[in-house]
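The chain contents come next:
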Amino acid sequence: MMKPLEGKHIILGITGGIAAYKSAMLLRLLIKKGAEVQVVITPSGKEFITPVTLSALSGKPVVSEFFTANTGEWHSHVDLGLWADLMVIAPCTASTLGKMANGIADNMLVTTYLSAKEHVMVAPAMDLDMWAHPSTQRNISTLIGDGVEIIEPGSGELASHLTGKGRMAEPEEIAARVEAWFAGEMKRDMEGRKVVITAGPTHERLDPVRYLGNDSTGKMGYSIAGECRKRGAEVVIVSGPVSVPVPEGVKCIKVESALEMLDGVRTQMEGADALIFTAAVADYRPAEVDSEKIKREKTPEMNLRLVANPDIAATISKSAPANTIKVGFALETGNALEYGRRKLETKGLDMIVVNSLEDAGAGFGTDTNKVTIIRKDGSEIAYPLKDKREVARDIVDNIVDQLT
Ligand code: C5P
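Keep in mind the model is a prediction, meaning the values are calculated, not measured. (Residues numbered from 1 in each chain as written. Predicted model: local features only at pLDDT ≥ 70, side-chain atom pairs only at ≥ 80, totals over all residues. Heavy atoms only, no water.)

Asks: Where do I start with the site of the ligand in this structure?
Replies: Residues in close proximity to the ligand include Phe 277, Thr 278, Ala 279, Val 281, Pro 310, Asp 311, Ile 312, Ala 313, Gly 328, Phe 329, Lys 343 and Lys 347, which together make up its full environment. Contact between the ligand and Ala 279: an oxygen atom at 2.6 Å from a main-chain N or O atom of the residue. Contact between the ligand and Phe 329: an oxygen atom at 2.8 Å from a main-chain N or O atom of the residue. Surface burial for the ligand is 84%, taken as the share of its 440 Å² of free accessible area covered by protein chains. Residue assignment for the shell around the ligand shows that the elements contributing at least two residues are α11 (312-319) and β16 (325-332). Of the residues contributing to the shell around the ligand, the split by class is seven nonpolar, two polar and three charged. (Near = heavy atom within 4 Å. Polar contact = N/O pair within 3.5 Å; in protein donor to acceptor, adjacent residues only side chain to side chain. Areas by Shrake-Rupley, 256 points an atom, 1.4 Å probe, with all protein chains shown as cover. Helix = DSSP H or I, 4+ residues; strand = E, 2+ residues; numbered from the N terminus. Nonpolar A, V, L, I, M, F, W, Y, C, P; charged D, E, K, R; others polar.)

Asks: Help me out: how do you make sense of the sheet that holds strand β11 (residues 234-239) in this one?
Replies: The eight strands are arranged β12-β11-β8-β13-β16-β17-β19-β20 in an open sheet whose pairing can be described as mixed. Edge strands, defined here as strands with exactly one partner in the open sheet, are β12 (251-254) and β20 (380-382). Between one strand axis and the next, the sheet turns through 15 degrees on average, direction left out of account. Relative to strand β19 (residues 372-375), strand β17 (residues 351-356) is paired through four bridges, and the arrangement is antiparallel. Paired with Met 351 across the two strands is Arg 375, which belongs to β19. Along the sheet, α11 makes contact with β13 (274-277) and β16, crossing β13 at roughly 165 degrees. Here helix α12 (residues 336-346) sits on the sheet in contact with β16, β17, β19 and β20, set at roughly 155 degrees to β17. (Pairing = 2+ DSSP bridges. Axes fitted to C-alpha atoms, helices over the stretch in contact; angles between N-to-C directions. Contact = heavy atoms within 4.5 Å.)

Asks: Explanation requested: the pattern of salt bridges in the structure shown.
Replies: A side chain with one charge may pair with a side chain of the opposite charge, provided their charged atoms come close. Scanning all chains against the criterion turns up 30 salt bridges. With a closest N to O distance of 2.5 Å, Lys 347 and Asp 311 form a salt bridge. One end of the pair, Lys 347, is in the loop between α12 and β17; the other, Asp 311, is in the loop between β15 (306-308) and α11, and 36 residues separate them in sequence. In this structure Asp 311 comes out as partly exposed when scored by relative accessible area, which is 33%. The partner of Arg 389 in a salt bridge is Asp 387, with the nearest N and O atoms 3.0 Å apart. Classification of Asp 387 by relative accessible area gives buried; the value is 5%. Beyond isolated ion pairs, a larger network of salt bridges with shared partners links Glu 185, Lys 187, Asp 189, Glu 227, Lys 230, Arg 231, Arg 393 and Asp 397. (Salt bridge = Lys/Arg side-chain N within 4 Å of Asp/Glu carboxyl O. Buried < 20%, exposed > 50% of the residue type's maximum accessible area, 1.4 Å probe, protein only.)

Asks: Got a minute to help me understand the sheet that holds strand β2 (residues 36-41) in this structure?
Replies: Hydrogen bonds between backbone groups are what pair the strands of a sheet, and the pairing can be parallel or antiparallel. Read across the sheet, five strands follow the order β2-β1-β3-β4-β5 without closing on themselves; strand pairing throughout is parallel. In this open sheet, the two strands that pair with only one neighbour each are β2 and β5 (149-150). On the sheet, helix α5 (residues 108-115) packs against β1 (9-14), β2, β3 (86-92) and β4 (119-124) and is oriented at approximately 145 degrees with respect to β3.

Asks: Hey, could you run me through the nonpolar core in this one?
Replies: In a soluble, globular protein the nonpolar side chains are often hidden away together inside. If you look at the biggest cluster of nonpolar residues, it comprises 32 residues, and the most contacted ones within it are Ile 10, Leu 30, Ile 174 and Val 178. Among the elements that make up this core, the one with the highest residue count is helix α1 (residues 20-32) (six residues). Apart from residues no more than four positions distant in its own chain, Ile 174 is found in contact with Leu 26, Val 88, Ala 90, Ala 123, Ile 151, Met 168 and Ala 169. (Core = buried A, V, L, I, M, F, W, Y, C linked by side-chain atoms within 4.5 Å.)

Asks: It is not clear to me how helix α2 (residues 51-58) should be interpreted in this structure. Could you clarify?
Replies: Residues that lie three or four places apart on an α-helix share one face, since the helix turns once every 3.6 residues. Sitting at the amino-terminal end of α2 is Thr 50, which places a side-chain oxygen 2.9 Å from the backbone nitrogen of Val 52. The first or second residue beyond α2 is Gly 59, which carries a positive phi of 75 degrees.

Asks: What should I look at first to understand the pairing of β4 in this one?
Replies: Along β4, six of the six residues are buried, which leaves the element largely enclosed by surrounding structure. In β4, alternate side chains face the same way, and those of His 119, Met 121 and Ala 123 on one face and Val 120, Val 122 and Pro 124 on the other are all buried. The pairing of β3 with β4 spans five bridges and is parallel. In the sheet register, Leu 86 faces β4, and the bridge partner there is His 119. Taken together, the two bridges between β4 and β5 define a ladder with parallel strand orientation.

Asks: Quick question: what am I supposed to make of the packing of helix α4 (residues 94-102) against helix α7 (residues 134-145) here?
Replies: Packed helix pairs are characterised by how far apart their axes lie and by the angle those axes make with each other. Between α4 and α7, whose axes approach to 9 Å, the crossing angle comes to 45 degrees. Here α7 runs oblique to α4, going by the angle between their axes. Helix-helix and strand crossings are classified by hand; for α4 and α7 the assignment is left-handed. On the side of α4, the interface is formed by Ala 94, Leu 97, Gly 98, Met 100, Ala 101 and Asn 102, while α7 contributes Thr 136, Asn 139, Ile 140, Thr 142 and Leu 143. (Parallel < 35°, antiparallel > 145°, perpendicular 65-115°, else oblique. Left-handed = near helix turned anticlockwise from the far one by under 90°.)

Asks: Hey, could you run me through helix α13 (residues 388-402) in this one?
Replies: Along its 15 residues, α13 runs 21 Å from first to last C-alpha, staying within 8% of the 21 Å computed at 1.5 Å per residue. Counting buried positions over the 15 residues of α13 gives 11, a clear majority of the element. Where α13 is concerned, the buried positions are Lys 388, Glu 390, Val 391, Ala 392, Arg 393, Asp 394, Ile 395, Val 396, Asn 398, Ile 399 and Gln 402. (Expected span 1.5 Å × (residues − 1).)

Asks: Help me out: how do you make sense of the environment of Ala 314 in this one?
Replies: Along the chain, the position of Ala 314 falls in helix α11. Sequence separation between Ala 314 and Met 126 is 188 residues; the distance between their C-alpha atoms is 48 Å.

Asks: Would you take a moment to explain the side chain of Glu 390 for this structure?
Replies: Among the structural elements, Glu 390 can be located in helix α13. The charged side chain of Glu 390 is buried without a salt bridge, its nearest counter-charge being Lys 386 at 4.5 Å. When residues no more than four places from it in sequence are discounted, the contact partners of Glu 390 are His 119, Val 148 and Glu 149. (Lys, Arg positive; Asp, Glu negative; His and termini not counted.)

Asks: Mind showing me how you'd approach the environment of His 161 here?
Replies: Here His 161 shows up in the loop between β6 (154-157) and β7 (163-167). When its relative accessible area of 62% is taken as the criterion, His 161 is described as exposed. In this structure the C-alpha to C-alpha distance between His 161 and Ala 116, which are 45 residues apart in sequence, comes to 36 Å.

Right under this line is the structure:
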């Protein structure tokens, strides 16, 4: 039988923390699961675990410096970055986190990180006060936004004999996360399915040069589209004006206003297995659209008359077949869960993704999001702060779960 990590190339980065002794265990687990592992260690990492142990376990010389001192052989971080399918840094010290978050490439490990094209996982390990420090937490948020997956440290007794959060996750957990990542990458559980997604803001015209709009970037909807496509679905985005690129293989219908978006969904929804409403639709539009640029009046005030837009999610959900999974989003400033539950009900949705603007890193314009997924069956899952691509994965997992 094929081993779960057969043929996978993994860079194991090791930095200078007490937990480095556990890296040998992690290395053994990855090798046992079939992976080919190249260890890259920082100079201070070598103070905690010897390269001899690591090269014996991995069957490869350990890389630490840019050059091998006696032969002058150059180690190419670029080639290493290209070779790898995944990079996992365990343990990762506060110092290396800071260097990664700021691109300070003063050693082979951080340079390799900057060259790595594939997914990167980091298992931080440090004293509780260092972990809790705003600087560390800022760096963690930056890295999550850069797409790095953080394997949270656990709580317990630390090397300092203090007790708290900062212990590196156990090697078994890290190895399981590595396996889960590759399994997720290979999922094709949306083959033969069709998904229609609304995304971005709407622009409601006032005149030929002005509109009412909002700050939605479309990132969440486009990430979900990419995830569904990767898993084999036929995907259509009905998108308001945004500048994010359309994922490969995804059909994109460009619209401006809420009325056009509703129309776009109606023409595309035939045969859809899931309808996902990520768009930030304007609640109102100007009652009149001027065909000429509105001139400045010599009056101190100007009144705009607005009329309500249709609720696309509610309108479509009520007319779509019962077995189509309808997913809405709720961006709230307070009482997020309560409003979320209510919207799930009133809009006729099967699932709602709730995020609160009170959470740092959630909402418009960020690369990260922190969501709670509420399903019609009553289940509620609160996820930690994640990169929007990972949030997309969680959302799609929940949709697949409900497909019949
Ligand atoms: O009511 P609220 O705007 O908070 O609801 C948010 C959800 O409803 C999102 O899924 C959004 O895409 C959808 N919506 C819509 N049409 C509207 C307003 C919201 O599809 N006019």
